[in-house]
Amino acid sequence: MGAGKSTLGPRLAAKLGRPFVSVDAIVEEECEVTVADLFAERGQDAFRELEERAAVEALTRRIPAVIELGGGALGSELTRIALGEHAFTVLLQTTAEEAWRRVHSGVRPLARDPAEFWALYEERTPLYEGVADAHARDLEDAILAAAGVHVWAGACDGLGGLVPDDGNVELVIDARVDELHGDLVRTALGQRLKGSHQVLAGERAKSASEAERLWTALRLERGETLVVLGGGSTSDLAGFVAATFLRGVAWVPVPTTLVAQVDAAIGGKTAIDVEGGKNLVGAFHWPARVVVDPELLATLPPEEFENGWAEVVKSGLLAGEPFWELELPAQVRRTAAFKAAICLRDPLDRGERAQLNLGHTFAHALEAASGFRLPHGKAVALGLLAAMRLSGLAEEERTVEELLRPEPAQVDRNAAWAALTRDKKAAGGAVRLILLDAPGAPRVGVELEEDVVRGALDALIK
């Protein structure tokens, strides 16, 4: 009690697009009396029986929800079993001092004597730890935990313990990243590592030939895990390989670039490029865990920061919050949590997740027309510029220009237009765009006149 569940729970439910269920509220509604009055009139044992029944029923209904359990609910073995079988359990962390400060002046029947409160905290803590699948102190922690995203400076040092389960793993690693971090990661994986495979650096890796080479080389068995170290292209390729090898094996991306830490490694989208366009062949395959170590960004070249910076700006425009004004570790955490929440609400990209393609319809077309030589960040910067112009948002257009300094691309206009019309979001030959009514108010599936869209594309090309 006093950890903040009643405050954070509804906010988390809203972010995940799920109903919020309070077990205490269920009991109060059924009995038409408050929990405090139940304690006073019937005693704690009677309340615990009602609480156990309500908790087990809520946990076993199999309707996705955010469920708040009272501080004493885990005294029930049946409730603990139901949590283990049916729930992903997040322990909202607090200290006894902090919790006491919040509740001691209220009406809670078990928060009247500080010594008893401290003793209760010590007694219950092992029960909480015994069922916790993750820990959180705030809303972003809870979102990231629900998405399986682990953000921790220095996480690579403990990678062997962060890869779920305890079976063998194989490593796929970007050739450039291997020189910088390969030895550290292999040491961290220790005896779990049964094989290591280098792949090409950058977008060149996302080819059918590289995928086939990995399919042939892998010796994973079902139940084992593919660990992936590299940027967005590496995670796209290796995630697709994991989705298809043995009809799907677990995978854990360890993103080493800003664009991968805030975007590409989160949400389970995997893909390779084909002649027709970028990311046209792929699969949805959610990682078993994403391990984000901001310390890996220390070796990132400036041009790779620019790639990720464009995704931070995109996410900030979608959220209506200036993520770009935060310090780098906070940028990573906030942007990753923003994307994770959207992906949890729409895991198969059938609705609002499309907003994450803000500017990307134009960007992917420019990348394809350049033979994928145009860096992703520069392409996204141009795409965001076009999207802000078509949205009629002059101030946000200036923001993109000032922060990202987009420069016109040297590509063939006809090739870019042909690639744009093959975009994955197109329907019936009509291009569908993501625009903004205002910062934080995206509009998905916008169809404009062909000459308007082509004019916006042409304005991005030298």
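The structure this text deals with has already been given above.
Residues numbered from 1 in each chain as written. Predicted model: local features only at pLDDT ≥ 70, side-chain atom pairs only at ≥ 80, totals over all residues. Heavy atoms only, no water.

S.K.: Mind showing me how you'd approach the side chain of His181 here?
M.R.: One can find His181 in helix 10 (residues 175-189). The class of His181 is buried, set by a relative accessible area of 9%. When residues no more than four places from it in sequence are discounted, the contact partners of His181 are Leu229, Leu296 and Thr299. (Helix = DSSP H or I, 4+ residues; strand = E, 2+ residues; numbered from the N terminus. Buried < 20%, exposed > 50% of the residue type's maximum accessible area, 1.4 Å probe, protein only. Contact = heavy atoms within 4.5 Å.)

S.K.: Would you explain the nonpolar core in this entry?
M.R.: Nonpolar side chains in soluble globular proteins tend to end up buried together. One finds Leu358, Phe362 and Leu366 to be the most contacted residues of the largest nonpolar core, which totals 75 residues. Counting residues in hydrophobic clusters, the runner-up holds 21 residues, among them Val23, Cys31, Leu38 and Phe39. (Core = buried A, V, L, I, M, F, W, Y, C linked by side-chain atoms within 4.5 Å.)

S.K.: Just to check I follow, could you spell out the sheet that holds strand 6 (residues 169-174) for this structure?
M.R.: Strands belonging to one sheet form pairs held by backbone hydrogen bonds; the direction of such a pair is parallel or antiparallel. Strand order in the open sheet formed by four strands is 7-6-8-9, and the pairing between neighbours is parallel. In this open sheet, the two edge strands, each paired with only one partner strand, are strand 7 (193-199) and strand 9 (250-255). With strand direction ignored, the average angle separating the axes of adjacent strands in the sheet is 20°. With six bridges joining them, strand 6 and strand 7 adopt parallel strand pairing. Considered in strand 7, the bridge of Glu170 is made with Gly195. In the packing of helix 12 (residues 232-244) onto the sheet, the strands contacted are strand 6, strand 7, strand 8 (225-230) and strand 9, and the crossing angle to strand 8 comes to about 165°. (Pairing = 2+ DSSP bridges. Axes fitted to C-alpha atoms, helices over the stretch in contact; angles between N-to-C directions.)

S.K.: What exactly am I supposed to notice about the pattern of salt bridges here?
M.R.: Between side chains of opposite charge, pairing is possible as soon as their charged atoms come close. Throughout the structure, instances matching the rule amount to 28 salt bridges. Taking the shortest distance from any N to any O, the salt bridge between Lys278 and Glu203 comes out at 2.9 Å. Within this pair, whereas Lys278 is found in strand 11 (residues 277-284), its partner Glu203 is found in the loop between strand 7 and helix 11 (208-217), the two being separated by 75 residues in sequence. In this structure, Glu367 and Lys278 form a salt bridge, with 3.3 Å as the shortest nitrogen-oxygen distance. Placement of Glu367 in helix 16 (residues 360-369) and of Lys278 in strand 11 is noted, with a sequence separation of 89 residues between them. Classification of Lys278 as buried rests on a relative accessible area of 7%. Through salt bridges that share partners, Asp138, Glu140, Asp141, Glu321, Arg333 and Arg334 make up one connected network. (Salt bridge = Lys/Arg side-chain N within 4 Å of Asp/Glu carboxyl O.)

S.K.: So what exactly am I meant to see when it comes to the environment of Glu306 here?
M.R.: Along the chain, the position of Glu306 falls in helix 14 (residues 302-319). Separated by 97 residues in the primary sequence, Glu306 and Leu403 have C-alpha atoms spaced 9.9 Å apart. Excluding anything up to four places from it in sequence, Glu306 contacts Gly377 and Lys378.

S.K.: Can you walk me through the pairing of strand 9 in this structure?
M.R.: Moving residue by residue along a regular strand, the side chains alternate between the two faces of the sheet. The element strand 9 is largely enclosed, with a buried count of five among its six residues. For strand 8 and strand 9, the ladder comprises six bridges, and the chain directions are parallel. Across the sheet, the residue bridging to Val227 is Val252, located in strand 9. Between the parallel elements strand 8 and strand 9, the chain passes through helix 12 in a crossover that is right-handed. (Right-handed = clockwise from strand over helix to strand, strands pointing away.)

S.K.: Would you take a moment to explain empty space enclosed by the protein for this structure?
M.R.: If you roll a probe as big as a water molecule over the atoms, it shows you where there is empty space left. With the rule as written, the count across this model stands at two cavities of 30 Å³ or more. Of the voids in this model, the largest cavity is the one considered here, and its volume is about 90 Å³. As for the largest cavity, its lining consists of 12 residues, of which Lys278, His364, Ala419, Arg422 and Asp423 are closest to the centre. Elements with a minimum of two residues in the lining of the largest cavity: strand 11, helix 16 and helix 19 (413-421). The residue makeup of the lining of the largest cavity, split by class, is four nonpolar, four polar and four charged. Each pocket or cavity is described by its volume, and for the second largest cavity that value is around 40 Å³. (1 Å grid on protein atoms, 1.4 Å probe; cavity = no way out; pocket = protein on both sides within 12 Å on 5 of 7 lines; lining within 4 Å. Points joined across faces, edges and corners; volume = space filled by probe spheres on them. Nonpolar A, V, L, I, M, F, W, Y, C, P; charged D, E, K, R; others polar.)

S.K.: What's the story with helix 1 (residues 5-16) in this structure? I'm lost.
M.R.: For an α-helix, the turn length of 3.6 residues means that residues three or four places apart are oriented alike. Here helix 1 is 12 residues long and its end C-alpha atoms lie 16 Å apart, about the 16 Å a rise of 1.5 Å per residue gives. Those residues of helix 1 lying buried are Leu8, Gly9, Leu12, Ala13 and Leu16. An end-on view of helix 1 places all buried positions within 135° of arc, on one side of the element. In helix 1, the exposed positions that point more than 90 degrees away from the buried face belong to Thr7 and Ala14. On its buried face, helix 1 is in contact with strand 1 (20-22), strand 2 (66-68), strand 3 (90-92), helix 8 (139-146) and helix 15 (328-345). Positive phi appears at Gly17, one or two residues downstream of helix 1, with a value of about 70°. (Expected span 1.5 Å × (residues − 1). Arc of directions from axis to C-beta.)

S.K.: When you look at the packing of aromatic side chains in this model, what are you seeing that I'm missing?
M.R.: Within a pair of aromatic rings, the relevant descriptors are the distance that separates the centres and the angle that separates the planes. Throughout the structure, instances matching the rule amount to six aromatic pairs. Their ring planes at 65° and their centres at 6.2 Å tell us that Phe117 and Trp118 sit as a pair that is edge-to-face. In this structure Phe117 comes out as buried when scored by relative accessible area, which is 4%. In this structure Trp118 comes out as partly exposed when scored by relative accessible area, which is 30%. (Phe/Tyr/Trp six-rings, centres within 6.5 Å; stacked < 30°, edge-to-face > 60°.)

S.K.: What's the story with helix 10 in this structure? I'm lost.
M.R.: In this model, helix 10 (15 residues) spans only 18 Å end to end at C-alpha, well below the 21 Å of a helix rising 1.5 Å per residue. Along its length, helix 10 reaches its greatest deviation from straightness, about 70°, at His181. Looking only at helix 10, the buried set comprises Val177, Asp178, His181, Gly182, Val185, Ala188 and Leu189. Contacts made by the buried residues of helix 10 are with helix 9 (159-162), strand 6, strand 7 and strand 8. For helix 10, the N-terminal cap is Asp174; the gap from its side-chain oxygen to the backbone nitrogen of Arg176 is 2.7 Å. (Bend = angle between axes of the 7 residues up to and from the residue. Polar contact = N/O pair within 3.5 Å; in protein donor to acceptor, adjacent residues only side chain to side chain.)

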